[in-house]
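Remarks on the overall topology
Residue-level listing of the chains:
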Amino acid sequence: MIANALLIALALLLACLFWLMGELKFLVPYKRLIFHQYGTLLLAWLGILFVNLFAAVYWIQHKFFLKDTGRKLSHIDNQARGSHTSTPLQNDDWNAH
């Protein structure tokens, strides 16, 4: 789930950056000046944006894709503890039955 969140957050960040590159073409002559004076601020902003995007995507995945996971897992646990299990027998148990 973390890998999926990282991939989606990175794709969203790249999409935002490509969109900004298209919108801010008029700043191309000043890019050296902008990067020299505001480069660390821009990198910090990008880092904060990436962390927020990752957290939002992770929360959305957790909220919608892992709905009722505890209930589903407790059902499987109760079924495994009971006498009616659907799990296959171990290799040692084949000879015993």
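If you're wondering where the values come from, they're calculated on a predicted model, not measured in any experiment.

This next bit is on the overall build of the protein chain. The helix and strand tally for the protein chain stands at four helices and zero strands. Reading the protein chain from its N terminus to its C terminus gives the helix and strand order α-α-α-α. If you take every contact in the protein chain between residues at least 6 apart in sequence, the share linking residues at least 24 apart comes to 81%. Counting only carbon and sulfur atoms, one obtains 67% of the accessible surface of the protein chain, whose full area is about 8700 Å².

So, on to helix H2 (residues 31-65). End to end, H2 covers just 42 Å across 35 residues, shorter than the expected 51 Å (1.5 Å per residue, more than 12% under). Of all the bends in H2, the greatest measures close to 75° and is centred on Tyr 38. Taken together, the buried positions of H2 are Gly 39, Leu 53, Val 57 and Gln 61. Packing partners of the buried residues in H2 comprise helix H1 (2-23).

Overall, the coordinates contain one aromatic pair when judged by the stated rule. Aromatic side chains Phe 54 and Tyr 58 sit 6.1 Å apart centroid to centroid with 25° between the ring planes, which places their arrangement in the stacked category. Of this pair, Phe 54 and Tyr 58 both sit in helix H2, four residues apart, which is roughly one turn of the helix. Judged by relative accessible area, which is 32%, Tyr 58 ranks as partly exposed.

Bringing the side chain of Gln 61 into the picture now. Mapped onto the elements of the fold, Gln 61 is located in helix H2. A residue is classified by how much of its surface remains accessible, and Gln 61, at 7% relative accessible area, is buried. Apart from the residues lying within four places of it in its own chain, the contact partners of Gln 61 are Met 1, Asn 4, Ala 5, Ile 8 and Leu 66.

Okay, a nonpolar patch on the surface next. Judged by side-chain polarity, Met 1, Ile 2, Leu 6, Tyr 58, Trp 59, Ile 60, Phe 64, Phe 65 and Leu 66 come together as a nonpolar surface patch covering roughly 920 Å² of accessible area. Of all the elements in the fold, those that place two or more residues in the nonpolar patch are H1 and H2. As for its placement among the helices and strands, Leu 66 is situated in the loop between H2 and helix H3 (69-81).

Quick notes on the rules
- Residues numbered from 1 in each chain as written.
- Predicted model: local features only at pLDDT ≥ 70, side-chain atom pairs only at ≥ 80, totals over all residues.
- Heavy atoms only, no water.
- Helix = DSSP H or I, 4+ residues; strand = E, 2+ residues; numbered from the N terminus.
- Contact = heavy atoms within 4.5 Å.
- Areas by Shrake-Rupley, 256 points an atom, 1.4 Å probe, with all protein chains shown as cover.
- Expected span 1.5 Å × (residues − 1).
- Bend = angle between axes of the 7 residues up to and from the residue.
- Buried < 20%, exposed > 50% of the residue type's maximum accessible area, 1.4 Å probe, protein only.
- Phe/Tyr/Trp six-rings, centres within 6.5 Å; stacked < 30°, edge-to-face > 60°.
- Patch = residues over 30% accessible without salt bridge, like charges linked within 9 Å, V, L, I, M, F, W, Y side chains within 5 Å.
- Salt bridge = Lys/Arg side-chain N within 4 Å of Asp/Glu carboxyl O.

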